[in-house]
Amino acid sequence: MNLREYIKDNLIILDGGTGTILQAKGLKSGELPERWNVTHPDEIIELHKAYYDAGSNVVNANTFGANILKFSKAELEEIVAAAMNNLKAAREKSTGTQPKWIGFDIGPTGKMLKPYGDLDFEDAVSIFAESVRLGVKYGAELFFIETMNDSLETKAALLAVKENSDLPVFVSNAYGEDGKLMTGADPAAMVALLEGMGADAIGVNCSLGPKALAPIVESYLQLSSTPVMLKPNAGLPKVVDGKTVFDVLPEEFSEEVYSLVLKGVRAVGGCCGTTPDYIKAVKNKVDGMAVQPITDKNITCVSSYSHSVCFCDKPVLIGERINPTGKKKFKEALKNNDIDYILKEGIAQQEKGVHILDVNVGLPEIDEIAMLTTAVCELQAVTDLPLQIDTSDPLAMEKALRRYNGKAMLNSVNGKEESMRAVFPLAKKYGGLVVALTLDENGIPETAEGRVAIARKILDTANEYGISKKDIIFDPLALTISADKNAGRETLKAVSIIKNELGCHTSLGVSNVSFGLPNREIINSNFFTLALWQGLSGAIMNPYSDEMLKSYYAYCALNGLDDNCAEYVSFTETLPQTVTTAQAVTLAPKEESATGLKRAVIKGLKEQAAVLTDELLQSREPLDIVRNEIIPALDEVGIGFENKTVYLPQLLMSAEAAKSSFECIKKAVGTNKPADKCSFVIATVKGDIHDIGKNIVKLLLENYGFDVHDLGKDVSPEAVVEKVCELKAPLVGLSALMTTTVPAMEETIKQLRVKAPWCKVVVGGAVLTQEYADSIGADKYAKDAMETVRYAEMQNAECKMQN
């Protein structure tokens, strides 16, 4: 039976937890559960059969962590072959009569991707691809990507499946209590990315119980035109009589899941703490109920790693300044590979209020393919605005689009067959909102009707590639009125027809209309206003033009798109001050008196931070720079992170900029310690190879001046104790991602209490809660990296007082 067809009209019952059940069956602390496919096949078959018998349509093989980072190629193939054979045997033995499919489970690598970590995107794709090919070889019927907390890693896994298989693929992400992924993506960003890339079902799993995940699931249902799935935990974990248990029982679990099925969820199961009893309770609760129809939400949007930007009622501003056309300094920056110039331009435009950044680096003298990819990746490291990838070179477009973290805007395609055949396959594979220029082999039609005819042709061709009109935005081309007095009128007419007759969105490069005329801003701003009233959805414009912004904010206020005229009022308050591009990049976002170095650290500008630090060292003491520039900048970003106004990528890039600054200070003072704080031993516990959280904490602690000793991952209790005793360290941080490795954390704490009773223990990780941390004897549960820093600062102060 075809799963893609089945899910259109039927509710899919998924399976439940694996690791927590194997732990109860005797999986030892630190033992990799995937090896049980080979060493304990009967136990695995029994578990899979129990899920099928409970009513699961899809059961995933025990392959969550089966990848070449954990196993050699030979052992990986042995494990995958055994895993798939175990699942096939379970299906054959099951007494359930429902349709059944064999899923290949794919979990995260446990590493953070560049620029925030050390794993390259293409390496991540290769790691997942190795597992995918084995899954296909040994009989997988679908791929199930789950528990992903980073949008870029999610993309890498989905791309690996798409490039190595034609099987269905379900994708599920793990959200925190703030409703975002660890790296900052909200549901709208993930829906845009995953739908754009063609996932067959998308949704949410792990982290929390069904009640806590309900608001996130409801967001998916409002936004997604793709089936939505849910696999929550059985609530939160706690330790009772030395065993890990969860606080939501099967009946309550099934009630909560049932309420979300009523709202439209199409596939349901469970994650940590759930068992076949939970799945059976869900099956009994939803059995026989009619499914809600899956509707096309018809949302035209782009996204970044953090959020989406929709083309709906309110017009979208696209900053035009990252483009060498007519810009001598920008051309020189490109020739000199001056990426910092591009980054500062992007940040400055963001502060002027644009919603999307156009990125064009086309210059004959440079390698556009390499430069465009670099510019896109570096910009995404310092700004969370979605990007418009602007190039006429399909190879450059694909390379940049492949690395883009989100759903990009693609500028552009046109009505020429050659153009459409080059660009539409890229949009279909990677997802994207395609800017379509209304020109073809015969040029640009003079009339609106001629341009609309080309638009219809483009829509028909896009449909051949399975690209909906919601993913096409037309540019009916503003031509200069100095050459044709009717040019402006025909463009405005085309905007109106495309909106009202074709039902599509439009964008314009507004300033072209005034080419060759004096005082161009007068023409540009008035033409912009007229276009907005004709229904223009977005504009590529100069955000440093007050006249253009006056038109925009006045239009929004007059058209009921600005509550209490708040944005208009805020904008007018800036008008007395004339802010140039150069000034814009040297002012801090909230404090105009902040120094350039402080700002560089806040914005994550590594190269600029180093240059400014060297300059300051000519006139100021190193410790003064640390105390009055770097640490206040880190504090500002840290407070933003704690208040959920800054997200992990921004926090990490700020820390990297501070690190660049510290490197300069170290050279100046001839020491590796720019600040004098206590030793802090940090490790991921025995059996756990996931070190993302640990590495984030390490980076921040080092920037705050702590003497961090990183023992790495999969570290035994004895090794932790030995290092703490050697250093007489007052602080140790322990990290664990998986419930199966928490016992190793507990054992480490027990040994520390005996041999290093003076040492305070901080614990963190996705599976931990305050109650759980208390039950294993930790001194501090830190829900994020900044909370660890705050606790360490407090303990360091106490140590100084005692000494």
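Rules used in this analysis
Residues numbered from 1 in each chain as written. Predicted model: local features only at pLDDT ≥ 70, side-chain atom pairs only at ≥ 80, totals over all residues. Heavy atoms only, no water. pLDDT = per-residue confidence, 0-100. Contact = heavy atoms within 4.5 Å. Pairing = 2+ DSSP bridges. Helix = DSSP H or I, 4+ residues; strand = E, 2+ residues; numbered from the N terminus. Axes fitted to C-alpha atoms, helices over the stretch in contact; angles between N-to-C directions. Buried < 20%, exposed > 50% of the residue type's maximum accessible area, 1.4 Å probe, protein only. Salt bridge = Lys/Arg side-chain N within 4 Å of Asp/Glu carboxyl O.

Caption draft 1: The arrangement of the confidence of the model for the protein in detail. With 97% of its residues at a pLDDT of 70 or more, the protein has an overall mean of 93. In the model, residues 579–594 has pLDDT below 50 throughout and makes 21 contacts with residues more than four positions away in sequence or in other chains.

Caption draft 2: Looking closely at the sheet that holds strand S23 (residues 731–735). As summarised here, the arrangement of the five strands in space is S22-S21-S23-S24-S25, forming an open sheet in which the pairing is parallel. Among the strands making up the open sheet, the edge pair consists of strand S22 (707–710) and strand S25 (780–781). The strands touched by helix H31 (residues 785–802) within the sheet are strand S21 (679–684), S23, strand S24 (760–764) and S25, with S24 carrying the most contacts at an inclination of about 175°.

Caption draft 3: The arrangement of the sheet that holds strand S3 (residues 101–106) in detail. With parallel pairing, the eight strands of this open sheet are ordered in space as S1-S10-S7-S6-S5-S4-S3-S2. The two strands at the open ends of the sheet, each matched to only one other strand, are strand S1 (12–13) and strand S2 (58–60). Two elements, S3 and strand S4 (residues 142–148), share four bridges in a ladder whose sense is parallel. Paired with Ile106 across the two strands is Ile145, which belongs to S4. Across the face of the sheet, helix H7 (residues 151–164) comes into contact with S3, S4 and strand S5 (169–173) while running at roughly 170° to S4.

Caption draft 4: Representation of the environment of Thr244. For Thr244, the position within the fold is in strand S9 (residues 243–246). Relative accessible area serves as the criterion here: at 27%, Thr244 is assigned to the partly exposed category. Expressed as a C-alpha distance, the spacing of Thr244 and Thr274, which sit 30 residues apart in the sequence, is 12 Å. When neighbours within four sequence positions are excluded, Thr244 is seen to be in contact with Pro237, Lys238 and Tyr772.

Caption draft 5: Geometry of the pattern of salt bridges. Summed over all chains, the structure comprises 47 salt bridges. In this structure, the salt-bridge partner of Asp15 is Lys231, at a minimum N-O distance of 2.9 Å. Of this pair, Asp15 sits in the loop between S1 and helix H2 (19–24) while Lys231 sits in strand S7 (residues 228–231), placing them 216 residues apart in sequence. Two residues, Asp120 and Arg403, come together in a salt bridge whose shortest N-O distance is 3.0 Å. Residue Asp120 is located in the loop between S3 and helix H6 (121–137), and its partner Arg403 is located in helix H15 (residues 394–403); the two are separated by 283 residues in the primary sequence. Accessibility expressed as a relative area gives 17% for Asp120, which makes it buried. For Arg403, a relative accessible area of 19% corresponds to the buried category. Sharing partners across several salt bridges, the network here consists of Glu122, Glu163, Arg402 and Lys429.

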